[in-house]
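Summary of the model geometry
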Amino acid sequence: MVDVENNPSFTKKFLITFAAHAGLLLLAATVGKVVGTIWKTNDIEIIRSAVRVDVVGMPKYTVQELKEMEKNAVQMPKEADAVKSPDKVDQKTETPDVINKNDLVVQEAAKEKEKKKTNFLSSLSDYAKKDVKKDTQKGKVTGESSENIKALVLEGNRLSQGNALTGDYADGPGSEFGNYVQTLPGAIRPFWRLPDYLLKKELRCRIRIYLNSNGSLMKSEVVESSGEPEFDERALRAVKQTNFPKPSEAVGQRLTSSGIILGFPL
Amino acid sequence: MKKLIALLFIISFSAYAQDAVIAVGKAEQDKDKLVIDDPEMKGLSAEQKATATELTEILRNDFAFYRHKFETIDYFDKGKNSYSSPELPKWKENGLTYFIASEVSPKGPSLEAKYKAYSVLTGREIFSASFKVNNDILRNSAHSIADSIYRAMTGKPSIFTSKIIFVSDRTTVNKHEILKELYIMDFDGRRVEKLTNFNSVVISPSVSPDNSKIMFSLISNHKEMSRNRVRTIKNIDLKMFDLHSKKISTVSSKPGINSGAIFSSRGDSIYLTLSFGGNADIYEMDLGSEKMKKVTTHYGDDVDPSVTRDGNLMAFLSNRPGRAHIYTMDPSAPEKDLKRISFVGQFNATPRFSPDGKDIVFSSWVDNGFDLYRIDAQGNQNNMYRLTKNNGSNEEPAFSPDGEFIVFTSKKMVTKNKASQDVFIMNREGEIIGQLTNNFGRCFSPQWTNVLK
């Protein structure tokens, strides 16, 4: 048996072996780390590809089918119109309920704005009333006014006509004139068509129209030209082809004397 | 105070009402009403009259392809001399947008056709030119007249002078040894011409940007010496057909070359798929030096490249996510700006860019056949549109040079064991314009030639 502890050559050899092993271990760790990083990047890539699969399905309907559906949806309210007698033109049915996704009508937006202003005023006054009671009824703070605001928000999301009470126009709350002119875009739009190249140019023209008391077109004039004669001409033609609804006597008088300006498109 | 505010509101309202503008809203796209009137014929023989009539018919047929833009209608005053005495106010009254009038008279052995086009709404004459028309090149003349008028009307080139190349197996004699050759025809399916006589199989042709060359793959026989015996090995070689000299040259005959080579936007290099590395990758090869550059490096298979006209974007098909899906990337460096475009569909194939590089049309396996879809090049999934349905299996789409049409093949079962496969054309909204080939064997890989400005 060799005395291990007191053998200097053993200690020396032991140290060398130890150093060698430590070195090997370190090397293995480093190599492992490097290999690991490479492996990891590959892993990430695979996960990325796998996670992003199957978000939506392939579209079922063709473009042609969708167009057909849209056409049918828009045509339906028009048919309903035709049934009604021309004397009783109902503003609610004048604008189709289904509105094309591209139909960005600023007039509607402006109307909503006005509505917000007036409604805001009324909700303000409501709020003022509520203020008095507020101290006594701390539990239900904004009962009615929050209802109002909710209704207001709901109406803001809607592009359809609404009813006579909420469909304000710039002329003041529930104005007859306001209600009448709001029906004009819907009446004109079926005839307001442009060829492809003019659509892309994003032009604008404005036309003032004067109507007879029976709603027929008395006069139309370009008050602001687009600079492109064909564009103006198309807008004028749309106005001329439109069958305007019969206005009431007061509205008719105003349309005969001062007319109204139509913006194509704004 | 409240009253004062209310008063102010009312005042501002009434002031506003004075010059209130009622916004009518955005206009719908309208089809232009177009009349191509019968020509006034001056001193023509019966035969020449027939030529003049045919000329007009070709023009009408050409414009009918753009039916999403033009509604070609008959002239209500047939027989009136619309060329010598145009009646613009009357045309305007009848809602016409464009009017094309013509006069044909003899000039030596050929005919002289004078054309005038009017924009009726503005009352302007937008086109006036005279053309020499020969009976033997009647269709050529008619298409170029139609193209000139279309350019005057829209400011853009038409497809009327373009051609479509395709592959057909109609020369096959033996069912077990299918032969496919290369053909070229007018955009309207007329004047089909056979370009190759290999008695072999031509695969996936591609047209150079200047229309002078067609590149395609060909299954050819390579002779090889092995163990002192000559062996014949089938190999897919890359060939180039010069349309002017009608000469065919070999671009590359290295073993392992696959089909699917396309020209780069400049035409001096090609993108092709090579599979010698074990998996298919896309390479760019310089046509002069034959130097290769790897474009995709992933271990998945990358095939079927398509590049935009500016050369900045490449779409290709890759199975790296597990199934065949569409990717885009910048082909200037390997895997640069890689982006996945398609996420659904069992199997997507043949992504092809529109000329403006904004859209990609591709085929996707649905139920039991392929149908065509269009998506924007950014891969916005909301802008994916289905184009075909219930029209057999629709594959291999390619955009027209003006981006308005898509040519594709449609396979339909004729009987239980027999299927027809023909070339069809539709507009980019999926409205089928017509069938270009009929009873012409099975047709494959239609490609549109470019329109040179």
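Here is a short report on the structure shown in this document. (Residues numbered from 1 in each chain as written. Chains lettered and ligands numbered in written order. Predicted model: local features only at pLDDT ≥ 70, side-chain atom pairs only at ≥ 80, totals over all residues. Heavy atoms only, no water.)

1. Describing the overall build of chain B
Scanning chain B from terminus to terminus reveals 4 helices and 32 strands. The burial tally for chain B puts 53% of its 453 residues in the buried class. Pairs at least 24 residues apart make up 43% of the contacts formed inside chain B by residues separated by at least 6 positions. Accessible surface, chain B: about 20,800 Å² in total, of which carbon and sulfur atoms supply 49%. (Helix = DSSP H or I, 4+ residues; strand = E, 2+ residues; numbered from the N terminus. Buried < 20%, exposed > 50% of the residue type's maximum accessible area, 1.4 Å probe, protein only. Contact = heavy atoms within 4.5 Å. Areas by Shrake-Rupley, 256 points an atom, 1.4 Å probe, with all protein chains shown as cover.)

2. Quick word on the overall build of chain A
The helix and strand inventory of chain A stands at 9 helices and 4 strands. Along chain A, from the amino end to the carboxyl end, the secondary structure elements read α-α-α-α-α-α-β-α-β-β-α-α-β. Buried positions account for 32% of the 266 residues belonging to chain A. Here chain A has roughly 16,900 Å² of accessible surface; of this, 60% comes from carbon and sulfur atoms.

3. What about the sheet that holds strand S18 (residues 281-286) of chain B?
All names here are of chain B. In spatial order, the strands read S16-S17-S18-S19; together these 4 strands make up an open sheet with antiparallel pairing. In the strand order of this sheet, the two ends are held by strand S16 (262-263) and strand S19 (292-294), each with one partner. In this structure, S16 lies alongside strand S17 (residues 269-274), joined through 2 bridges in antiparallel fashion. From the neighbouring strand, Ile262 faces S17, where its bridge partner is Tyr271. (Pairing = 2+ DSSP bridges.)

4. Structural notes on the nonpolar core
One finds B:Phe63, B:Tyr115 and B:Ile149 to be the most contacted residues of the largest nonpolar core, which totals 45 residues. Of all the elements, helix H4 (residues 138-154) of chain B adds the most residues to this core, at 7 residues. Setting aside chain neighbours within four positions, we find B:Tyr115 in contact with B:Leu55, B:Leu59, B:Tyr83, B:Ile100, B:Ala101, B:Ser102, B:Phe127, B:Ser128, B:Ala129, B:Phe131, B:Ile145 and B:Ile149. Of all hydrophobic cores here, the second largest spans 27 residues; its members include A:Val181, A:Ile188, A:Trp192 and A:Leu211. (Core = buried A, V, L, I, M, F, W, Y, C linked by side-chain atoms within 4.5 Å.)

5. Focus on helix H2 (residues 46-65) of chain B
Spanning 20 residues, H2(B) covers 29 Å between terminal C-alpha atoms, matching the ideal 28 Å at 1.5 Å per step. Buried residues of H2(B): B:Gln48, B:Thr51, B:Ala52, B:Leu55, B:Thr56, B:Ile58, B:Leu59, B:Arg60, B:Asp62, B:Phe63 and B:Phe65, and no others. (Expected span 1.5 Å × (residues − 1).)

6. A word on the packing of H2(B) against H4(B)
Residues and elements named next belong to chain B. Relative to each other, H2 and H4 sit at 50°, their axes nearing to 9 Å. Compared by their axis directions, H2 and H4 come out oblique. Pair H2 / H4 crosses with right-handed handedness. Facing H2, whose interface residues are Thr51, Glu54, Leu55, Ile58, Leu59, Asp62 and Phe63, H4 presents Leu138, Arg139, Ala142, His143, Ile145, Ala146, Ile149, Tyr150 and Met153. Here the residues of the contact of H2 with H4 sort into 11 nonpolar, 2 polar and 3 charged. (Axes fitted to C-alpha atoms, helices over the stretch in contact; angles between N-to-C directions. Parallel < 35°, antiparallel > 145°, perpendicular 65-115°, else oblique. Left-handed = near helix turned anticlockwise from the far one by under 90°. Nonpolar A, V, L, I, M, F, W, Y, C, P; charged D, E, K, R; others polar.)

7. Details of a nonpolar patch on the surface
A cluster of nonpolar residues, A:Phe10, A:Phe14, A:Leu15 and A:Phe18, forms a patch on the protein surface that exposes about 430 Å² of accessible area. Note on placement: A:Phe10 falls in helix H1 (residues 8-51). (Patch = residues over 30% accessible without salt bridge, like charges linked within 9 Å, V, L, I, M, F, W, Y side chains within 5 Å. Salt bridge = Lys/Arg side-chain N within 4 Å of Asp/Glu carboxyl O.)

8. Examining helix H8 (residues 229-241) of chain A
Between its first and last C-alpha, H8(A) extends 18 Å over 13 residues, near the 18 Å set by a 1.5 Å rise per residue. Where H8(A) is concerned, the buried positions are A:Glu230, A:Phe231, A:Asp232, A:Arg234, A:Ala235, A:Leu236, A:Ala238 and A:Val239.

9. Details of the packing of aromatic side chains
A complete count under the given rule lists 32 aromatic pairs over all chains for this structure. Each ring, one from A:Phe10 and one from A:Phe14, has its centre 6.1 Å from the other, and the planes form 25°; the classification is stacked. Taken as a pair, A:Phe10 and A:Phe14 lie in helix H1 at a separation of 4 residues, close to a single helical turn. Assessed through its relative accessible area of 39%, A:Phe10 is described here as partly exposed. Between B:Phe166 and B:Tyr183, the ring centres sit 5.7 Å apart and the planes meet at 20°, which makes this aromatic pair stacked. (Phe/Tyr/Trp six-rings, centres within 6.5 Å; stacked < 30°, edge-to-face > 60°.)

10. Here we look at the pairing of strand S24 (residues 348-353) of chain B
Residues and elements named next belong to chain B. Most of S24 sits out of view: 6 of its 6 residues are buried. Pairing of S24 with strand S25 (residues 359-366) involves 4 bridges; the strand directions are antiparallel. Following the sheet pairing, Arg352 is matched in S25 by Val361. In this structure, the hairpin formed by S24 and S25 is closed by a connection of 5 residues, where Gly357 is found at a positive phi of approximately 75°.

11. As for the packing of helix H6 (residues 176-188) of chain A against helix H9 (residues 249-257) of chain A
All names here are of chain A. At a minimum axis distance of 9 Å, the contact between H6 and H9 shows a crossing angle of 65°. As the angle between them shows, H6 and H9 are arranged roughly perpendicular. Our pair here, H6 against H9, has a crossing hand that is right-handed. Contact residues: Glu176, Phe177 and Tyr180 in H6; Val251, Arg254 and Leu255 in H9. Per-class residue counts for the contact of H6 with H9 are 4 nonpolar, no polar and 2 charged.

12. Quick notes on the pairing of strand S6 (residues 98-107) of chain B
All names here are of chain B. Of all 10 residues in S6, 8 are buried; the element is thus mostly enclosed. Relative to S6, strand S3 (residues 32-36) runs parallel, the two being bridged by 3 bridges. Residue pairing for S6: Ile36 is matched across the bridge by Ile100. The pairing of strand S4 (residues 40-41) with S6 spans 2 bridges and is classified as parallel. Directly across from Met41, in S6, lies its bridge partner Val104. Note that S6 and strand S7 (residues 110-119) share 10 bridges and pair antiparallel.

13. Examining the sheet that holds strand S29 (residues 405-413) of chain B
All names here are of chain B. Pairing in this open sheet of 4 strands is antiparallel, and the strands run S28-S29-S30-S31 from one edge to the other. Since the sheet does not close on itself, it has two edges, and those belong to strand S28 (393-399) and strand S31 (432-435), each with one partner. Averaged over all pairs of adjacent strands, the angle between their axes in this sheet comes to 25°, without regard to strand direction. By the bridge criterion, 5 bridges tie S28 to S29 in an arrangement that is antiparallel. Pairing of Ala398 across the sheet is with Val407, part of S29.

14. Quick notes on the pattern of salt bridges
This model, assessed by the stated rule, comprises 37 salt bridges over all chains. With a shortest N-O distance of 3.5 Å, B:Glu429 and A:Lys67 are connected by a salt bridge. Note that B:Glu429 is positioned in the loop between strand S30 (419-427) and S31 and A:Lys67 in helix H2 (residues 63-83), a pairing that runs across two chains. Look at B:Glu429 and you get partly exposed, because its relative accessible area is 24%. A salt bridge links B:Glu404 to B:Lys69, with the nearest nitrogen and oxygen atoms 3.1 Å apart. A residue pair is termed long-range when its members are at least 10 positions apart, and B:Glu404 in the loop between S28 and S29 and B:Lys69 in the loop between H2 and strand S5 (70-73) qualify at 335 residues. Taken individually, B:Glu404 and B:Lys69 each receive the classification buried, so the pair is uniform in this respect. Through salt bridges with shared partners, a single ionic network connects A:Lys67, B:Asp359, B:Arg374, B:Arg428 and B:Glu429.

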